[in-house]
Amino acid sequence: MGLMGMLAKGKSRRDEMSPSSSSPLSSSGASKKDYEMIISEAISGSVDIDWALAKHLIDAVKPEARPPSSTVKDMVKALKGFLTSTNSNIAIKTILIMDLIFFMADVSFAQYLGESKNMKLLVDIATKSLEPLQRNLMTQVLVDWAHKYAARPDVCAPFHMALSTLRGKHLSVPPPSSVREPGQMPPMRPPGGLRGQEGFATPM
């Protein structure tokens with residue numbers, strides 16, 4: 001089942017509650033702390049992400065919600081706090097949640113994420129993380145994010161600049177994935193994969 005189906009049918013610790021009464025994100029007064037609480041609970045499992053909980057984040061910034069700039073900024077700030085975790089499992093799960101939000105959110109989410117202070121962090125993760133899986137995943141999502149807004153140069157330009165930085169550091173950058181769903185890990189490259197082959201980026 002794809003992630004869209006998981007979001008529609010998946011079970012979570014909050015399934016017995018109605019979203020309108022249980023989620024702190026259901027009101028316009030949600031704060032960075034509220035987003036941090038949802039993210040923390042969504043990634044607290046030993047393996048799987050609780051996508052039903054993550055859906056609360058998506059609902060707060062989806063286009064039809066017409067999210068105010070404060071909502072987008074507070075959510076990105078909350079996500080960044082988990083991206084920088086020294087626990088690579090937490091950081092990787094956060095990238096996956098951010099990836100799914102990116103593809104389902106209002107364009108304002110991508111625009112704010114594209115600001116220089118945020119892009120610097122994403123580039124640092126893709127180039128300096130001690131965990132190869134984390135570096136490679138960050139690279140792939142940057143590629144796919146740029147591709148999503150290919151028809152909007154004003155939105156995708158910061159992501160292309162980030163990818164140019166990776167290439168300038170002699171990293172191989174894969175093409176947009178044709179098989180990866182938002183929120184999923186990319187397919188692993190076979191040993192000896194060629195530069196440009198779909199999959200994770202590796203040093204040239």
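Above this text sits the structure in question.
This section reports on the structure supplied with the text. Computed from a predicted model, the values in this text were never measured in an experiment.

The rules behind these values
- Residues numbered from 1 in each chain as written.
- Predicted model: local features only at pLDDT ≥ 70, side-chain atom pairs only at ≥ 80, totals over all residues.
- Heavy atoms only, no water.
- Helix = DSSP H or I, 4+ residues; strand = E, 2+ residues; numbered from the N terminus.
- Buried < 20%, exposed > 50% of the residue type's maximum accessible area, 1.4 Å probe, protein only.
- Contact = heavy atoms within 4.5 Å.
- Areas by Shrake-Rupley, 256 points an atom, 1.4 Å probe, with all protein chains shown as cover.
- Polar contact = N/O pair within 3.5 Å; in protein donor to acceptor, adjacent residues only side chain to side chain.

Regarding the overall build of the chain
Okay, step 1: In terms of helices and strands, the chain carries 10 helices and zero strands.
Okay, step 2: Each helix and strand of the chain, ordered N terminal to C terminal, gives the series α-α-α-α-α-α-α-α-α-α.
Okay, step 3: Burial analysis of the chain (204 residues in total) assigns 46% to the buried set.
Okay, step 4: For the chain, long-range pairs separated by at least 24 residues make up 65% of all intrachain contacts whose partners lie at least 6 apart in sequence.
Okay, step 5: When the accessible area of the chain is evaluated, it comes to approximately 9900 Å², of which 56% is carbon and sulfur surface.

A word on the environment of Asp99
Okay, step 1: Relative to the helices and strands, Asp99 resides in helix 6 (residues 88-104).
Okay, step 2: Along the primary structure Asp99 and Gln184 are separated by 85 residues, whereas in three dimensions their C-alpha atoms are 8.4 Å apart.
Okay, step 3: Once you skip the residues sitting within four places of it in the chain, Asp99 turns out to touch Val141, Trp145, Arg180, Glu181, Pro182, Gly183 and Gln184.
Okay, step 4: In terms of polar contacts, Asp99 uses its side chain to reach the side chain of Trp145, at 2.8 Å.

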